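# Geometric and topological summary
Listed here are the chains, written in short residue letters.
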Amino acid sequence: MRKLVCLAAPLLLAACSMAPQPAPAPTLQVPAAWRSAPAANTAVARDWWKAFGDPQLDALVRRALDANGDLRIARSRLQEYQARVRVASSAEVPSLNLSIGPSRARAIGPLGQPVEVTSVTGAVQAAYELDLFGRLASTTAAARFEALSQEAALDAAALAVAANTASGYLNLLGLDAQLALARETLASRERSFALARHQFEVGYSSRLEMSQAEAELRATAAVVPQLERAIAQQEQALNLLLGSSPGPVARGLPLLDLRMPTPGPGLPSELLRRRPDIAQAERAVAAADASLAAARDQLLPSIRLTASLGAQGHSLGNLLQSPTELWSLGGSILAPLFDAGRLRAQAEIAGTVRDRAVFTYENVVRGAFAETENALAGIDGLRRQLAEAEARRTAANEVLRVAHNRYANGYASYLEELDAQRNAFSAENTVLQLRASLLAAHVDLYRALGGGWTPTP
């Protein structure tokens, strides 16, 4: 072994002439606090969707996590990378092979006559590469970090599927509430039009009032099929997430009965350990760094030891009973002398891959901060919008009540009441839309906070 190292020393010094490639200078700055909310720290549960209080939502999310097609692909990819770890680590241990081969040949004997010879050879061969410079260990580490990155990618995909399912279901409930309001308003418009037509026929009102009532009826009627189409499309989108065939989606609680959750964002620095996509990018950096080390070690000599023990006989019986024993021991040093810069270029490529992984990590972290800020700002803005919309709804209903009384007592035309009905419908519809949007904004915040994800120990 000492002789092998002495022979490898000059080659080692020549290979070390390549300067290390340092990692790019960090440019990431972690904010000290969130702009849109205090850093109240409320632990996010992994089954965060239960905070809305709808058992049907819980059932749909669990179905999606079990049967979603993208998650099944991600699980298969994770199994592939776990197998790659076993492939890489197998190079660090000796290999053992068994071979047996019969042969028959005709040759010329010493007296010139043809001689036929039968032989059977069996051997056990062992080989082991000494990982003096850590190339094999670096390759295994790179494969292990890549598998961990794929594991985090699976968790990130699961979080996205859960969030998309919850958002789609909440949007579906919002459309259901709008459709119920539209149908209720349509029934009221039909009664109003029937009354306006009767009053026109008896000469109590003008054709203008009857035509206006009919126009309002047709406008409301057009809303119903529009909402029914949107509901059908939303159901198909949910079925796609669930891995199901097209069809209706069961509902649980109505929109107005859902609880409004209150997740706390915590500190921005805590977000770095809460999100699986950040963990995925971080592990990708570690994998790229290990791959760079392995690529640089390709410039160093490799030392391989081999041994074989076998036997040879003229027949299988002779091989098993009284064979001729064969054995060999050997070692080899393989070092690159001239390859036109191929190995150095491969190391440079690995360095650029490592640099891109670092840049990607920084982009993912910045994106996480931006998503959390947007979700916090969205919740704050939608909450204030909803309060104003509810106040407008109260005022619009009061206007409708007064306009109806004025028309019933002959102090105002029917056009005044129609205008009040239109405003009241718009105000109520806006409240439903904002409430659904506010619930969906909480889903976005749960997604931005990592959905209760914790790193694998």
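Residues numbered from 1 in each chain as written. Predicted model: local features only at pLDDT ≥ 70, side-chain atom pairs only at ≥ 80, totals over all residues. Heavy atoms only, no water.

## Digging into the pairing of strand β1 (residues 95–108)
In terms of burial, β1 is a largely surface element, zero of the 14 residues being buried. Pairing analysis gives 14 bridges linking β1 to strand β2 (residues 114–130), with the strands arranged antiparallel. Following the sheet pairing, Leu98 is matched in β2 by Val124. (Buried < 20%, exposed > 50% of the residue type's maximum accessible area, 1.4 Å probe, protein only. Helix = DSSP H or I, 4+ residues; strand = E, 2+ residues; numbered from the N terminus. Pairing = 2+ DSSP bridges.)

## Observations regarding the pattern of salt bridges
Opposite charge on two side chains allows them to pair when their charged atoms are near. Overall, the coordinates contain 22 salt bridges when judged by the stated rule. The partner of Asp355 in a salt bridge is Arg354, and the shortest N-O contact between them spans 3.0 Å. With a closest N to O distance of 2.6 Å, Glu398 and Arg401 form a salt bridge. Highlighted residues: Glu398 and Arg401, both in helix α8 (residues 342–408), separated by three residues, approximately one helical turn. Overall, Arg401 belongs to the partly exposed group, its relative accessible area being 44%. Here the residues in one salt-bridge network are Arg189, Glu216, Asp419 and Arg422, joined through shared partners. (Salt bridge = Lys/Arg side-chain N within 4 Å of Asp/Glu carboxyl O.)

## Remarks on the environment of Val117
Relative to the elements of secondary structure, Val117 occurs in strand β2. You can call Val117 partly exposed: its relative accessible area is 38%. With 46 residues separating them in the primary sequence, Val117 and Ala163 have C-alpha atoms 75 Å apart. If we skip the residues at most four places from it in the chain, Val117 touches Ser103, Arg104 and Ala105. (Contact = heavy atoms within 4.5 Å.)

## Here we look at helix α4 (residues 135–201)
Here α4 contains 67 residues, and its C-alpha end-to-end distance of 96 Å stays within 8% of the 99 Å for a straight helix at 1.5 Å per residue. A positive backbone phi angle near 85° is found at Gly203, which sits one or two residues after α4. (Expected span 1.5 Å × (residues − 1).)

## Some points on the confidence of the model for the protein chain
Per-residue confidence for the protein chain averages 86 on the pLDDT scale, and 91% of its residues sit at or above 70. Under a pLDDT of 50 for its full length, residues 10–17 has, in the predicted model, 11 contacts with residues more than four places off or in other chains. (pLDDT = per-residue confidence, 0-100.)

## Notes on the packing of α8 against helix α9 (residues 414–448)
Two numbers describe how α8 lies on α9: the axes approach to 7 Å, and their chain directions differ by 160°. Considering the angle they form, α8 stands roughly antiparallel to α9. For the pair α8 and α9, the sense of crossing is left-handed. Across the contact of α8 with α9, the residue classes tally to 21 nonpolar, 10 polar and 11 charged. (Axes fitted to C-alpha atoms, helices over the stretch in contact; angles between N-to-C directions. Parallel < 35°, antiparallel > 145°, perpendicular 65-115°, else oblique. Left-handed = near helix turned anticlockwise from the far one by under 90°. Nonpolar A, V, L, I, M, F, W, Y, C, P; charged D, E, K, R; others polar.)

## Notes on the packing of aromatic side chains
Inspection of the entire model under this criterion finds three aromatic pairs. Consider the rings of Trp48 and Trp49, whose centres lie 5.4 Å apart with planes at 75°: the pair is edge-to-face. There is no split in this pair, since Trp48 and Trp49 are both buried. For the pair Trp48 and Tyr446, a centre-to-centre distance of 5.1 Å together with 20° between the ring planes defines the contact as stacked. Separated by 398 residues along the polypeptide, Trp48 in the loop between α1 (2–15) and α2 (55–67) and Tyr446 in helix α9 bring together distant segments of the chain. The exposure classification of Trp48 matches that of Tyr446, with both residues buried. Among the aromatic side chains, those forming a connected cluster through ring pairs are Trp48, Trp49, Phe52 and Tyr446. (Phe/Tyr/Trp six-rings, centres within 6.5 Å; stacked < 30°, edge-to-face > 60°.)

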